[in-house]
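Structural overview for review
Below, each chain spelled out in residue letters.
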Amino acid sequence: MLQAIRNSIVCNQRYQGLRPLTRSWTGFTSSSGRIESNPSIRTSFIDNMSLEAAWLPKLPVPPLEQTMAGYLEAVEVAVGDEEQKAETRLKVERFISSDGIGPKLQELLLEKQTKEDNWAYNWWMEDMYLCNDIALPVNSNPGMAFPLQFLQNASNDNDDKHNGSNNFVQNVANFISAILDYKQLIDRQLLPQDRAASREKGQPLCMAQYQRLFASYRMPGLEQDQLKSFPPPDENEHIIVAYQGQFWRLEVRHKGCRLSAEEMAFNFAAIMESTDGQKTLAGTLGHQHYPPLGLLTTANRRLWAQWRHSLLQDLINARSLQSIESSSMIVCIDQPFRPAVDDEEEVNNRVDTNRVLQMIHGGGSQWNTINRWFDKTVQFIFSPDGTSGTCYEHSPAEGIVLVQVIEKALDNVLALQQDDNGQQQMRGRCRRATLTMADEDDGGHQRCGSNESAIDVVSHPAPKRLTWKIDEDIRKAIEIAASDVDRLVQDLDFQVFRFTAYGKNRIKTFNVSPDVYIQLMLQWTYYKLHGKLVATYESAATRRFQLGRVDNIRSASPAALAWVKVMDDPQSTVEEKIQLFYRAAENQTDVMIKNILGQGMDIHLLGLRQLARSIKTDEAMAVFEDPSFDIVHHFALSTSQIPTTNADSFMGYGPVVPDGYGCSYNPQADCIIFCASAFRSCEATSAARFVRQLSDTLIQVGDMLENRSV
């Protein structure tokens, strides 16, 4: 029977263009000894760069009975129909029985686990991202606001507009230079090893996500997207600068020589002046403005793939697309974002919210959405009003990895600014005494180098505006994309909420983890608003394993349901409420530990489902085509903890389902910052109602636990 299933899987995979199970799905060495990779996830060279991957443990396959018991618990909480629950229990019993299909699928997973570095990685990547055709802004790409004081020098210099502009571009250049310094450590595999801070403290963590940050691009496909990757730069490296919907290629490293922060600032200023029509850079076509091609990246992925295919028919477009896709990052220089709101007081009270919205979607086609290319992994965003941050494409890495890189760079910016004393800098690259824009007959290069020695002189290419050949079909496509993204922008209901009554320091006095505590607060908040609990997603890092990404901590548990019910019962005693709170907290902690140690339920279910799909029998698909399976995977509450060292920096995102909420949280010592989201098109949800109820929940539970008998 098992061999027949294996043969069926291999046969179906051949028809579907997939690989047999005896080959690698991860881009590492396969059983044949050759480097293999799934064609939709081109990461072989990146994953092989990760030196510790050879000795990190492989992601385990949890026991089948454990996973299916957890699944039934999720069904018990999320499914309201009792007959449906009973039917689901019968299907699960048949699935895990000794003569059922479950144990046979489990054996195949165990076989796959022994042969691959991470048995789940490609399946998870495709299911979570690459096969998902939904538009990237709001739905997939998170946005992070940097601390306001980062660009304070530029925004405060009101007395001298010229000096203020100089300060702005210099601060931007200082940050990008610091990022490139950090990227160089990544490229050279010199980053210190990340290690677990708890639960087997000190265990090494997989570093592969760092290596994908600046070397990946999500390319739209007609059937599914592909995650392209590019080798680390040798002597040449470029970034893309976006300004007023125009895209420029800037060589930050040429023949091994990297631009200094001062030279980068000069180039940023020159790009802005040229786009504004004040100057013309060598090699550019006057002051021509192209339609905002970046809007195409906001569309449904399959639609954008069709438009991209049309663009590629012209060599000019193909070259411009290649420049964007192979760039290390995109630097977006925005216009100050001030959405139209009638109430001036509301505008002033929404500063934090607007900062994150500018990062998530840019404000729409009439604002800074034209200044984005959402397929690129990392986009750093800067506005002269002091707002800055990032929008990142989620598939290559988790947010916490990017946050760590950003915070290291922000820490170095002050040092770079202190070095800015009007003198030339030696930064381990090459010394520059002059920097001039070349004439047309000089080939569009910048001449730079020391006056002391001709050996140090390096001819650096001038910034080059990307050119496009746009036909009427593409112009119409841009109009369609603009209309669609504007509706999406208007639909997003988003609010940054700073809870200042207490933070993680006080929570720890309750003898509970801040993360566990906040998750339970979110559960009761949802229950008070909607009278039920729903499938909840909280990402749990699995970086203790090779190519580990995340699994799902399901906070909507039977223990959590019992607690929120007693909290809502006026007849229950305080002692009962406290007792059930700690019971729910203990359960939540156990689930969290299981997940980070590779015993999570959702990744295992994904693997079983993928194998069952390959078999294509009613018996194999009975559990996975059951209505309960869809219900427990409809994540109406999508959450994650995204801590930062600075309380003025936070990350947010949109809901993952039309009738759901997104809620990130950033616990600080004496406050908690929440980024809550919903869709205005859903009458049942509201970000404002959610945060008001959440504030009440935090106060009520905090007071209850503060006054408990110890």
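Note that the coordinates shown come from a computational prediction; the quantities given were computed from them, not determined experimentally. (Residues numbered from 1 in each chain as written. Predicted model: local features only at pLDDT ≥ 70, side-chain atom pairs only at ≥ 80, totals over all residues. Heavy atoms only, no water.)

As for the overall build of the protein chain
Our working definition: Only DSSP runs of H or I with at least four residues qualify as helices, and only runs of E with at least two residues qualify as strands; both kinds are numbered from the N terminus onward. Two residues form a contact once any of their heavy atoms are found within 4.5 Å. Method for areas: the Shrake-Rupley scheme with a 1.4 Å probe, in which residue coverage is limited to the protein chains shown.
If you tally the helices and strands in the protein chain, you get 24 helices and 20 strands. Across the protein chain, every contact between residues at least 6 apart in sequence was considered, and the portion connecting residues at least 24 apart equals 72%. Summed over all atoms, the accessible surface of the protein chain reaches about 28,500 Å², with 48% contributed by carbon and sulfur.

As for the side chain of Q209
Threshold: Under the scheme applied here, a residue whose accessible area is under 20% of the maximum for its type counts as buried, over 50% as exposed, and between as partly exposed, the area being computed with a 1.4 Å probe on protein chains only.
Mapping Q209 onto the fold places it in helix α9 (residues 208–213). By relative accessible area, Q209 is classed as buried at 3%. Apart from residues lying up to four places away in sequence, Q209 is in contact with P396, A397, E398, V401, R543, G548 and R549.

Considering the packing of aromatic side chains
What counts here: Working definition: rings of Phe, Tyr and Trp (its six-membered ring) pair if their centres are within 6.5 Å, and the pair is stacked with planes under 30 degrees apart, edge-to-face with planes over 60 apart, and tilted otherwise. Any Lys NZ or Arg CZ found within 6 Å of a ring centre and within 35 degrees of that ring's normal is scored as a charge over the ring.
Across all of its chains, the model carries 25 aromatic pairs by this definition. Relative to F380, the ring of F146 lies with its centre 6.5 Å away and its plane at 50°, an arrangement referred to as tilted. With F146 in the loop between β1 (143–145) and α7 (152–156) and F380 in strand β8 (residues 378–382), the pair connects residues that are 234 residues apart, well separated along the chain. Judged by relative accessible area, which is 0%, F380 ranks as buried. Clustering of aromatic rings is evident, with ring pairs tying together F497, F499, Y502, F510, Y517, W524, W563, F581, Y582 and F674. Directly above the aromatic system of W123 lies the positively charged group of K112, at a separation of 4.4 Å from the ring centroid. Over the face of the ring belonging to W524 we find K528, whose NZ or CZ atom lies 4.1 Å from the ring centre.

Quick notes on the pattern of salt bridges
Pairing is possible between side chains that carry opposite charge, provided their charged atoms lie close to one another. We apply this condition: We define a salt bridge as a side-chain nitrogen of Lys or Arg found within 4 Å of a carboxyl oxygen belonging to Asp or Glu.
On inspection of all chains with the given rule, the structure shows 33 salt bridges. The closest approach of N and O atoms between E76 and K85, which form a salt bridge, is 3.5 Å. For E76, a relative accessible area of 37% puts it in the partly exposed group. Across the pair R218 and D225 runs a salt bridge, and its minimum N-O distance is 2.7 Å. Taking relative accessible area as the criterion, R218 reaches 2% and is therefore assigned buried. Residue D225 is classed as buried on the basis of its relative accessible area, which comes to 0%. Within the structure, one salt-bridge network assembled from shared partners comprises R218, D225, R301, R302, D375 and E393.

What about the packing of helix α3 (residues 64–78) against helix α21 (residues 602–615)?
The criterion, for reference: Angles here are taken between N-to-C directions and fall from 0 to 180 degrees, while the axes themselves are lines fitted to C-alpha atoms, restricted in helices to the stretch in contact. Roughly parallel covers angles under 35 degrees, roughly antiparallel covers those over 145, roughly perpendicular covers 65 to 115, and oblique covers all other angles.
Between α3 and α21, whose axes approach to 10 Å, the crossing angle comes to 105°. With respect to each other, α3 and α21 are oriented roughly perpendicular. Residue-level inspection shows L64, T67, M68 and Y71 of α3 in contact with α21, the latter providing H604, L605 and L608.

Describing the nonpolar core
The nonpolar side chains of a soluble globular protein tend to be buried with one another. Counted only if it meets this: The set of buried Ala, Val, Leu, Ile, Met, Phe, Trp, Tyr and Cys residues whose side-chain atoms join them within 4.5 Å is what this entry labels a nonpolar core.
By size, the foremost hydrophobic cluster in this structure holds 50 residues, and its most contacted members are F175, I176, F268 and F380. Breaking this core down by element, the ones donating at least two residues are α8 (161–187), α9, β4 (237–243), β5 (246–254), α10 (261–275), β7 (330–333), β8 and α15 (399–419). The dominant element in this core, judged by the number of residues it contributes, is α8, at 11 residues. Residues contacting F268, with those up to four places away along its chain left out, are V169, V172, A173, I176, I239, V241, L250, V331 and I333. W563, A584, C663 and F674 belong to the second-largest nonpolar core, a separate cluster that totals 48 residues.

What to know about a negative patch on the surface
Quick reminder of the rule: Residues enter a patch when their relative accessible area is above 30% and they make no salt bridge; the linking distance is 9 Å between like charges and 5 Å between nonpolar side chains (Val, Leu, Ile, Met, Phe, Trp, Tyr). When charges are counted, Lys and Arg are positive and Asp and Glu negative, with His and the chain ends excluded. Note on charges: their place is set at NZ of Lys, CZ of Arg, CG of Asp or CD of Glu.
Where like charges cluster on the molecular surface, the negative patch consists of D471, E472, D473 and E479. Here D471 shows up in the loop between β13 (464–465) and α16 (472–491).

Considering the sheet that holds strand β14 (residues 492–499)
This is how it is decided: Pairing between strands requires that DSSP locate at least two bridges from one strand to the other.
Pairing is mixed in the open sheet, where 6 strands are placed in the order β14-β20-β19-β17-β15-β16. Both outer strands of the open sheet, β14 and β16 (550–552), are each paired with one neighbouring strand and no more. Between one strand and the next, the sheet's axes are offset by a mean angle of 20°, whatever the strand orientation. Of the pairings in the sheet, the one linking β14 to strand β20 (residues 672–679) comprises 8 bridges and is antiparallel in character. Bridge pairing in β20 places F497 opposite F674. Lying on the sheet, helix α20 (residues 574–596) is in contact with β15 (536–541) and β16; it crosses β15 at an angle near 50°.

Things to note about α3
Which entries qualify depends on this criterion: A helix's residues, less one, multiplied by 1.5 Å, set its expected span.
Across its 15 residues, α3 extends 21 Å between first and last C-alpha, which sits within 8% of the 21 Å expected from 1.5 Å per residue. Each element contacted by the buried residues of α3 is listed here: α4 (82–96), α5 (102–115), α19 (558–567), α21 and α23 (627–632).

Some points on the pairing of β4
For β4, a buried count of 7 out of 7 residues is recorded, marking the element as mostly surrounded by other parts of the structure. Here β4 shows a buried face lined by E237, I239, V241 and Y243 and a second buried face lined by H238, I240 and A242. In this structure, the hairpin formed by β4 and β5 is closed by a connection of 2 residues, where Q244 is found at a positive phi of approximately 55°. Examined bridge by bridge, β4 and β7 share 4 bridges and lie parallel to one another. Bridge pairing links I240 to I330 in β7.

Re the confidence of the model for the protein chain
Note the threshold: Residue-level confidence of the predictor is what pLDDT reports, using numbers from 0 through 100.
Scored by pLDDT, the protein chain has a mean of 85; 80% of the residues are at 70 or more. Considering only residues more than four positions removed or in separate chains, one finds that residues 280–286, a stretch of pLDDT under 50, has 21 contacts.

What to know about the environment of E251
Just so we agree on the cut-off: Polar contact criterion, stated in full: a pair of N or O atoms within 3.5 Å, where within protein one must be able to donate a hydrogen and the other to accept it, and residues adjacent in sequence count only if both atoms are side-chain atoms.
Positionally, E251 belongs in strand β5. Setting aside residues no more than four positions away along its own chain, E251 makes contact with E237, H238, L259, H460 and P461. A distance of 2.5 Å separates a polar atom in the side chain of E251 from a polar atom in the side chain of R249.

A look at the pairing of strand β19 (residues 661–667)
Burial of β19 is extensive: 7 of the 7 residues sit out of reach of the surface. Here β19 shows a buried face lined by Y661, C663, Y665 and P667 and a second buried face lined by G662, S664 and N666. Pairing analysis gives 5 bridges linking strand β17 (residues 637–641) to β19, with the strands arranged parallel. Note on β19: the bridge partner recorded for S638 is G662. Connecting the antiparallel pair β19 and β20 is a turn made up of 4 residues.

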